[in-house]
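Descriptive structure summary
What follows is the residue order along each chain.
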Amino acid sequence: MMMVNAGKKNAALAAVKLIQDNMVVGLGTGSTAKFFIEGLAEQVQQDQLHNITCVATSIASDELGRSLGLHVVALDETDGIDITIDGADEVDPQLNGIKGGGAALFYEKIVAKASKKNIWIVDPSKQSPRLGTQFKLPVEVLPFGSHHVFNYLTDLSLDPHFRVNADGQYLLTDSANYIIDVDISEVTDLKALGDELIQHTGIVEHGLFLGICDTLIVGTEPTTILNRNN
Ligand SMILES: O=C[C@H](O)[C@H](O)[C@H](O)COP(=O)(O)O
């Protein structure tokens, strides 16, 4: 755990160095993004960075950023985001990834699509030869009729499971939806799966982030930087 955290922090602090004065910065969600938010706030507090505006991808990151004195605004208060720094759950060699382990995938994808650059920060354990071999794919669904969506995912042979919280209740996302985790280890065409899922009424979003990450920072020592080939 210690080593994993060191990897997350290394990657996060390398990402802080990419931030420049006057930028609008997307704040990712999760334990790795937390290191980034803390590192960014420290730079701002120490007067090393000026006029930084932030947009959060979750209530948790919004609250953390504000509590550390960052200027956090709503996405629609900006004309767009210069750079978003976010974590990921699993990343393949093409820099496609699965996100949503922390249930923040919907806002994360909206913020990512509004960003000129998307940088992912991960510890080395997140790298994977093929998506779905290490992590389930989170699918965000409207509560209304969600058991019918569950049945549809069963028909696709994706072995769906509703995500529950510590009390055994269906977990609610920041936008008050449910998460159904599915097994995509046998799926060969992820683009086709993503297109199919997003077209199904009741599915709000899914955690496949294909062609979104521009640069991956892996928190090895020293860090490894990989850029997506367009
Ligand atoms: O919903 C959560 C996000 O997609 C996170 O960025 C992802 O789960 C990685 O989180 P962590 O940095 O805690 O491993």
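Residues numbered from 1 in each chain as written. Predicted model: local features only at pLDDT ≥ 70, side-chain atom pairs only at ≥ 80, totals over all residues.

**A word on the overall build of the protein**
Of the regular secondary structure elements, the protein holds six helices and 14 strands. Radius of gyration (C-alpha) of the protein: 17 Å, near the 17 Å computed for a compact globule of 230 residues. Expressed along its principal axes, the backbone C-alpha trace of the protein runs to roughly 55 × 35 × 35 Å. A burial count over the protein gives 46% of its 230 residues as buried. Considering only contacts within the protein whose residues lie at least 6 apart along the sequence, 76% involve residues at least 24 apart. (Helix = DSSP H or I, 4+ residues; strand = E, 2+ residues; numbered from the N terminus. Rg over C-alpha atoms; globule rule 2.2 N^0.38 Å. Buried ≥ 20, exposed ≤ 12 C-beta atoms within 10 Å, placed from the backbone. Contact = placed C-beta atoms within 7 Å.)

**Looking at the site of the ligand**
Taken together, 18 residues lie around the ligand, and Gly 30, Thr 32, Gly 87, Gly 101 and Gly 102 are the ones closest in. Those elements that provide at least two residues to the shell around the ligand are helix H2 (31-45) and helix H4 (105-113). The residue makeup of the shell around the ligand, split by class, is five nonpolar, nine polar and four charged. (Near = placed C-beta within 6 Å. Nonpolar A, V, L, I, M, F, W, Y, C, P; charged D, E, K, R; others polar.)

**Quick word on the sheet that holds strand S12 (residues 208-209)**
Sheet architecture is open: three strands sit in the order S5-S6-S12, paired in antiparallel fashion. Every interior strand has two partners, whereas the edge strands, strand S5 (90-91) and S12, have only one. Across two bridges, strand S6 (residues 97-98) lies against S12 in antiparallel orientation. Of the residues in S12, the one forming a bridge with Ile 98 is Leu 208. (Pairing = 2+ DSSP bridges.)

**Describing the domain arrangement of the protein**
Domain parsing of the protein yields domain 1 (2-124 + 210-219) and domain 2 (137-205). On a C-alpha basis, the centroid separation for the pair domain 1 and domain 2 is 25 Å. The interface is formed by eleven residues belonging to domain 1 together with 13 residues belonging to domain 2. Ranked by residue count, the leading element in the side of domain 1 that touches domain 2 is H4, at four residues. Here the residues of the side of domain 1 that touches domain 2 are counted per class, giving eight nonpolar, two polar and one charged. (Domains from an automatic or database assignment.)

**Section: helix H3 (residues 59-67)**
Here H3 has its buried residues at Ser 61, Asp 62, Leu 64 and Gly 65. The buried residues of H3 occupy an angular sector of 170° when projected down its axis, which confines them to one face. Summarising the geometry of H3, the exposed residues directed more than 90 degrees from the buried face are Glu 63 and Ser 67. Lining the buried residues of H3 we find strand S1 (24-27), H2, strand S2 (53-56) and strand S3 (71-73). With its phi angle positive at about 90°, Gly 69 sits one or two positions after the end of H3. (Arc of directions from axis to C-beta.)

**Digging into the sheet that holds S1**
Here we have seven strands laid out as an open sheet, ordered S3-S2-S1-S4-S7-S13-S14, and mixed in their pairing. Either end of the sheet is taken by a strand with one partner, and the two such strands are S3 and strand S14 (224-227). Put simply, the sheet's adjacent strands are angled 25° from each other on average, direction ignored. Two elements, S1 and S2, share four bridges in a ladder whose sense is parallel. Bridge assignment links Val 25 to a residue of S2, and that residue is Cys 54. Helix-sheet contacts for H3 involve S1, S2 and S3, and the interaxial angle to S2 is about 150°. Strands S1, S2, strand S4 (81-86) and strand S7 (115-122) of the sheet are contacted by H4, whose axis makes an angle of about 145° with S4. (Axes fitted to C-alpha atoms, helices over the stretch in contact; angles between N-to-C directions.)

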